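Working through the structure, step by step
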Amino acid sequence: MKWIPSECERGDMIRVKLGSVYHYGIFSSEEEVIAFGLPPLPQYRENGEEIRVLATTIDVFSCGEIVEKAVFDRRERKKAFPKEKTLSLAKSRIGEGGYNLIHNNCEHFVYECVFGVSRSTVEEEMRARYRSRPVFDLYLMPLENQLPQTEIFPEKRRREIESCAEAAEKERKAAVWRLLLFAQKQSFGYPEEELRFRKSFFGKWTCNRFFFSLALCGGSAAALVSNAAAGLDLETSEHFKNSEKAAPFLKSYVGEDPESALKEYAKRQAIYKCSGKGRFSPRKEYSRAQDAVFLQLPEFPGLTLCACGAHVRSLRVFLIEAGSQKRLKPVIL
Amino acid sequence: MTRAEIIEKLKDILLSADDRNRETIETCDERSNLALDLGFTSISTLYMVIAIEEVFSIRFDNVGMSDFETLGDVVDYIEKKLS
């Protein structure tokens, strides 16, 4: 659909821009435009009367602004009612109330008259804009304070966890996966049936609807969910010193204090997890360091946390305790 | 849900609408005027209302652009809808 300033004909779908919003109507003549309410300007809203479908003149409708008419593409032309039917539908609704700024406004009204379907492109755009906002949510949970023992999905992951030989390891893996499912529900709210998880050749689990990164360290589990690639690493000095994976890195990282070595290692892990490619190589310098931040949380003393991702500026941190969540204010280093 | 929790979620919504105004949004409170303090326009009101529906799983009755003067008015409305 295109909108062009042009001569209007009977039954045309028209609109006028008033400030930052559009007002819509069905054109009948210069003396008669059918619209759901008068233009959304203060002078028409002061009397407190209920907004109804009404007939007004083009001058009142347009408030002196340029009137545009809708020009349909071939598919829309097929779906649109004949113009006389549009006009008679619009006229038959004069006096009708039930206006709702979001769910039943002047745009819904004209779409119903023209296509027989109630919709508002503004509402759709706003909803889409909100749903695509940058999300970078980190959920942290002490392992002794687990979420309810809900069923783990997908089945492949559940079987993988169940096949762990060591009971403690099995429990930790189940806990962090449950945390991930909880996190997605809180941050995105996708229904279970829309989610497809798969495991890559290098063993990394991914999801079709969002990006995530999981970490387990000491007594803590963390799940980072985002709508752009994201990576996360948790380290404690104890874990770092005894980690087999970190040993080659520690050997090569000389001349710096242990804390900066730990931070560098955590950063490389987070960036690697964010890239989602290949196998982790602790000696390799990864790019995207500009998207990595270190966090300090008073609730988790001794824990070094590094998160990486394009939406890192939108970071929110939540502590999960007894199944409920509490917002934390991290110190970003 | 407490009023403080509602405000936290509202601030997230406001930040997702206007990240450049971060400092003002993070320090705003119930008395903050939507138009004067937070620079709300009719479009940002519409965005906020739709985002509130998404976040709080509520459906707005007919609300006008001028129904909410302060952030506290929005919190009152959400609280009423959630109760």
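Here goes a summary of the coordinates provided. Note on numbering: residues in each chain are counted from 1, in written sequence order. Chains carry letters from A onward and ligands carry numbers from 1 onward, assigned in written order. Two thresholds apply to this predicted model, a pLDDT of at least 70 for residue-level local features and 80 or more for giving and counting side-chain atom pairs, whereas whole-chain, interface and lining totals are computed over all residues.

**A look at unusual backbone geometry**
- A cis amide bond links Phe153(A) with the next residue in sequence, Pro154(A), at an omega value of 5 degrees.
- By secondary structure assignment, the location of Pro154(A) is in the loop between strand 7 (136-142) and helix 7 (155-162).
- We note that Cys63(A) has phi near 55 degrees; this positive angle belongs to a residue other than glycine.
- In this fold, Cys63(A) is placed in the loop between helix 2 (58-62) and strand 6 (67-71).
- A positive phi angle is found at Ser57(B), which is not glycine, with a value near 50 degrees.
- For helices the rule is a DSSP run of H or I covering at least 4 residues; for strands it is a run of E covering at least 2, with both sets numbered from the N terminus onward. Within the secondary structure, Ser57(B) is located in the loop between helix 3 (42-56) and helix 4 (71-82).
- Counting other C-beta atoms within 10 Å of a residue's own tells you its class, since 20 or more makes it buried, 12 or fewer makes it exposed, and anything in between is partly exposed; those C-beta atoms are placed from the backbone. Judged by C-beta crowding, with 10 C-beta atoms within 10 Å, Ser57(B) ranks as exposed.

**Considering the packing of helix 1 (residues 3-17) of chain B against helix 3 of chain B**
All names here are of chain B.
- Every angle, taken between N-to-C directions, lies between 0 and 180 degrees, and every axis is a line fitted to C-alpha atoms, over only the stretch in contact when it is a helix. Here helix 1 crosses helix 3 at 130 degrees, and the two axes come no closer than 10 Å. Our classification of the angle between helix 1 and helix 3 gives oblique. Once helix 1 is placed against helix 3, the crossing between them reads as right-handed. Here Lys-9, Ile-13, Ser-16 and Ala-17 of helix 1 come into contact with helix 3, specifically with Ser-44, Tyr-47, Met-48, Ala-51, Ile-52 and Val-55.
- Note that Gly is not counted as nonpolar here; it falls among the polar residues with everything else outside the nonpolar set of Ala, Val, Leu, Ile, Met, Phe, Trp, Tyr, Cys and Pro and the charged set of Asp, Glu, Lys and Arg. Class assignment for the residues of the contact of helix 1 with helix 3 results in seven nonpolar, two polar and one charged. Oblique is the label for any angle not under 35 degrees, not over 145, and not in the 65 to 115 range, which are roughly parallel, roughly antiparallel and roughly perpendicular in turn. With the far helix as reference, a near helix turned anticlockwise by less than a right angle produces a left-handed crossing, and one turned clockwise produces a right-handed crossing. In this description, a residue-residue contact is defined by the distance between C-beta atoms placed from the backbone, which must lie within 7 Å.

**Thoughts on the sheet that holds strand 15 (residues 315-321) of chain A**
Residue and element names in this part refer to chain A.
- Strand pairing requires that DSSP identify at least two bridges connecting the strands. Pairing is mixed in the open sheet, where five strands are placed in the order 10-11-7-15-16. Each edge of the open sheet carries a strand with a single partner, namely strand 10 (211-217) and strand 16 (324-328). Between one strand axis and the next, the sheet turns through 25 degrees on average, direction left out of account.
- Of the strand pairs in this sheet, strand 10 and strand 11 (residues 220-226) are connected by seven bridges, and their pairing is antiparallel. Along strand 11, the bridge assignment pairs Leu-214 with Ala-223.
- Each of strand 7, strand 10, strand 11, strand 15 and strand 16 is contacted by helix 8 (residues 167-187), which is oriented at about 35 degrees to strand 11, the strand it contacts most.

**Describing the environment of Cys8(A)**
Residue and element names in this part refer to chain A.
- Its place among the elements puts Cys-8 in the loop between strand 1 (2-5) and strand 2 (13-18).
- Judged by the 20 C-beta atoms lying within 10 Å of it, Cys-8 is buried.
- Along the sequence, Cys-8 and Ser-29 sit 21 residues apart, while their C-alpha atoms lie 8.2 Å from each other.

**Notes on the nonpolar core**
- Counting 51 residues, the largest nonpolar core has Tyr139(A), Leu179(A), Ala222(A), Ala223(A) and Ala307(A) as its most contacted members.
- Any nonpolar core is a set of buried residues, restricted to Ala, Val, Leu, Ile, Met, Phe, Trp, Tyr and Cys, that join up through C-beta atoms within 7 Å. Judged by nonpolar contacts, the second largest core, of 23 residues, contains Ile6(B), Leu34(B), Met48(B) and Ile78(B).

**What to know about the sheet that holds strand 17 (residues 331-332) of chain A**
All names here are of chain A.
- Spatially, four strands are ordered 12-14-13-17 in an open sheet, and the strand pairing comes out antiparallel. Pairing within the sheet leaves two strands with one partner each, and these edge strands are strand 12 (230-235) and strand 17.
- In this sheet, strand 17 lies alongside strand 13 (residues 292-296) in antiparallel orientation, the contact comprising two bridges. Bridging from a neighbouring strand, Gln-296 pairs with Val-331 of strand 17.
- Where helix 11 (residues 258-275) meets the sheet, its contacts fall on strand 12, strand 13 and strand 14 (304-309), and the angle it forms with strand 12 comes to roughly 150 degrees.

**Describing the interface of chain B and chain A**
- Contact with chain B, which involves 16 residues of that partner, is made by 16 residues of chain A.
- Tallying contributions element by element places helix 3 of chain B first for the side of chain B that touches chain A, with eight residues.
- Across the side of chain B that touches chain A, the residue classes tally to eight nonpolar, six polar and two charged.

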